[in-house]
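Single-letter residue listing:
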Amino acid sequence: MSKFLGVDGSYHEDGSFLGVDGKYHPKGSFLGVDGKYHPKGYQLGVNGKYNPSNSILGSDGQYHGSESFLGSDGKYHPKGSFLGSDGKYHPEGAFLGTDGFYHPKGCFLGTDGRYHHKGSFLGTDGKYHIQESFLGTDGKYHPKGSFLGINGKYEEPSGLSAREKQNQGNVTC
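Residues numbered from 1 in each chain as written. Predicted model: local features only at pLDDT ≥ 70, side-chain atom pairs only at ≥ 80, totals over all residues. Heavy atoms only, no water.

**Q** Explain the overall build of the chain here, please?
**A** Scanning the chain for helices and strands turns up one helix and 24 strands. Looking at the chain residue by residue over its 173 residues, the buried ones come to 28%. Restricting the contact set of the chain to residue pairs at least 6 apart, pairs at least 24 apart contribute 11%. Entry remark: accessible area of the chain is about 11,400 Å², with carbon and sulfur atoms responsible for 55%. (Helix = DSSP H or I, 4+ residues; strand = E, 2+ residues; numbered from the N terminus. Buried < 20%, exposed > 50% of the residue type's maximum accessible area, 1.4 Å probe, protein only. Contact = heavy atoms within 4.5 Å. Areas by Shrake-Rupley, 256 points an atom, 1.4 Å probe, with all protein chains shown as cover.)

**Q** I'm lost on the pattern of salt bridges in this one. Help?
**A** Any two side chains of opposite charge can pair, given that their charged atoms come close. The tally for this structure, following the rule as stated, stands at four salt bridges. Residue K3 pairs with E13 through a salt bridge whose shortest N-O separation is 3.5 Å. You can see K3 sitting in strand β1 (residues 3–5) and its partner E13 sitting in strand β2 (residues 11–13), a full ten residues away along the chain. With relative accessibility at 33%, the residue E13 sits in the partly exposed group. The partner of E132 in a salt bridge is K144, and the shortest N-O contact between them spans 3.0 Å. Here E132 is found in the loop between β20 (128–129) and β21 (134–135), whereas its partner K144 is found in the loop between β22 (141–142) and β23 (147–148), with twelve residues between them in sequence. On the basis of relative accessibility, which here comes to 46%, the residue E132 falls in the partly exposed class. (Salt bridge = Lys/Arg side-chain N within 4 Å of Asp/Glu carboxyl O.)

**Q** Even after reading the chapter, I still don't get the side chain of S55, so can you show me in this structure?
**A** With respect to the helices and strands, S55 occurs in the loop between β8 (50–52) and β9 (56–57). Overall, the relative accessible area of 13% leaves S55 in the buried class. Looking at S55, its side chain comes within polar contact range of the main-chain oxygen of P52, at 2.6 Å. Contact partners of S55, with chain neighbours within four places excluded, come to Y63, H64 and S66. (Polar contact = N/O pair within 3.5 Å; in protein donor to acceptor, adjacent residues only side chain to side chain.)

**Q** What is the right way to look at the side chain of N51 in this model?
**A** With respect to the helices, strands and loops of the structure, N51 is situated in strand β8. A relative accessible area of 10% means that N51 is categorised as buried. A polar side-chain atom of N51 sits 3.3 Å from a polar atom in the side chain of N47. Among residues more than four places away in sequence, those in contact with N51 are G41, Y42, Q43, G45 and Y63.

Shown next as structure tokens:
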């Protein structure tokens, strides 16, 4: 998609426009009665808020995805969710592991007896690491996006670093 230079000196996607608020908005956006811009396909609901056109008004007075359903717990759940043997709703593809807990689709049972995220691998250090982690010059594994800082230590992206620790720790997938 091509871009154009706006009056603000920044580049914007073709089709976007300058709104009355002085900001650029994506093609198809519209100014609502609340004075804010909303994405194409949204409509004003009975709750006074703009909601996706394909959402449904639930018995709780809130809007939900058109394919969600009201569960036996009185809450709305996404399409494909199911009631597990533990009495809780789980997302589509989740499975009951040998440990008696439900795990998200793609998780697997490692040789260490714990469940790990899809794409994880067993490193030379005997621990599981998230996909695309690498062995650094310090002999430790680091998540993708890490780099050797000027202090001689690896700087790691905070979100991936936390996921790497979760994958190695006693937190199940």
